[in-house]
Amino acid sequence: MRFGWFKDPDNIVYADVNEFADHFGKETGIQNFREKLEDFRANPVKEGVLIKGKKRVTAKLFIPDLYFEDKPEKLPMGDTVWVFAGEYYPCNCVYWPQEETPCGEK
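What comes next concerns the included structure.

Parameters at a glance
- Residues numbered from 1 in each chain as written.
- Predicted model: local features only at pLDDT ≥ 70, side-chain atom pairs only at ≥ 80, totals over all residues.
- Heavy atoms only, no water.
- Helix = DSSP H or I, 4+ residues; strand = E, 2+ residues; numbered from the N terminus.
- Rg over C-alpha atoms; globule rule 2.2 N^0.38 Å.
- Buried < 20%, exposed > 50% of the residue type's maximum accessible area, 1.4 Å probe, protein only.
- Contact = heavy atoms within 4.5 Å.
- Areas by Shrake-Rupley, 256 points an atom, 1.4 Å probe, with all protein chains shown as cover.
- Lys, Arg positive; Asp, Glu negative; His and termini not counted.
- Charge placed at Lys NZ, Arg CZ, Asp CG, Glu CD.
- Pairing = 2+ DSSP bridges.
- Axes fitted to C-alpha atoms, helices over the stretch in contact; angles between N-to-C directions.
- Expected span 1.5 Å × (residues − 1).
- Polar contact = N/O pair within 3.5 Å; in protein donor to acceptor, adjacent residues only side chain to side chain.

From N to C terminus, the protein chain includes 4 helices and 5 strands. Helices (α) and strands (β) of the protein chain occur, in sequence order from the N terminus, as α-β-α-α-β-β-α-β-β. Taken over the C-alpha trace, the protein chain has a radius of gyration of 13 Å; the compact-globule value for 106 residues is 13 Å, and the two agree within 12%. Considering only C-alpha atoms, the protein chain reaches an extent of 35 × 30 × 25 Å along its principal axes. Burial statistics for the protein chain: of 106 residues in total, 42% are counted as buried. A separation of at least 24 residues holds for 49% of the contacts in the protein chain among residues at least 6 apart in sequence. Accessible surface, the protein chain as shown: approximately 6600 Å² in total, 48% of it carbon and sulfur. If the 15 positive side-chain charges of the protein chain are averaged to one point and the 19 negative ones to another, these points end up 7 Å apart.

Further remarks concern the sheet that holds strand E2 (residues 49-52). In sheet architecture, strand pairing relies on hydrogen bonds along the backbone and comes in two forms, parallel and antiparallel. The strand order across the open sheet formed by 5 strands is E1-E5-E4-E3-E2, and the pairing between neighbours is mixed. Looking at which strands have only one partner, the edges of the open sheet turn out to be strand E1 (12-16) and E2. With strand direction ignored, the average angle separating the axes of adjacent strands in the sheet is 30 degrees. For strand E3 (residues 58-62) and strand E4 (residues 82-84), the ladder comprises 3 bridges, and the chain directions are antiparallel. When the sheet's bridge partners are listed, Leu61 is paired in E4 with Val83. Packing of helix H2 (residues 17-28) onto the sheet brings it into contact with E1, E3, E4 and strand E5 (91-95), and relative to E1 it is tilted by some 105 degrees. Packing against the sheet, helix H3 (residues 33-42) makes contact with E2, E3, E4 and E5, and its axis sits at approximately 30 degrees to E3.

The next point concerns H2. The first and last C-alpha atoms of H2 sit 16 Å apart over 12 residues, in line with the 16 Å expected at 1.5 Å per residue. On its buried side, H2 packs onto E1, H3, E3, E4 and E5. For H2, the side-chain oxygen to backbone nitrogen distance between the N-cap and Asn18 is 2.7 Å, and the N-cap itself is Asp16.

Here it is, written out as structure tokens:
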């Protein structure tokens, strides 16, 4: 994963967890995907975690501010959970609407 790739707004989709989690879980065959997001959010690790689906999909859950902590520049909403499935797919920045909104909007 390259930091520069994540700086391109065409590569990022901001996704409401309530709209994203069930759909992504079904599409990828990742059971209990919402629960996995919540668990990682509560207990993040710097290197992120890989989760495997039943449909030949592996996704990485990570928090950019932790993963790229050596970079002086921060990504918008880099303190929340992102879901990366490879550079051929947009990366999903997941937000919990009751707490935050995309790009700091109110």
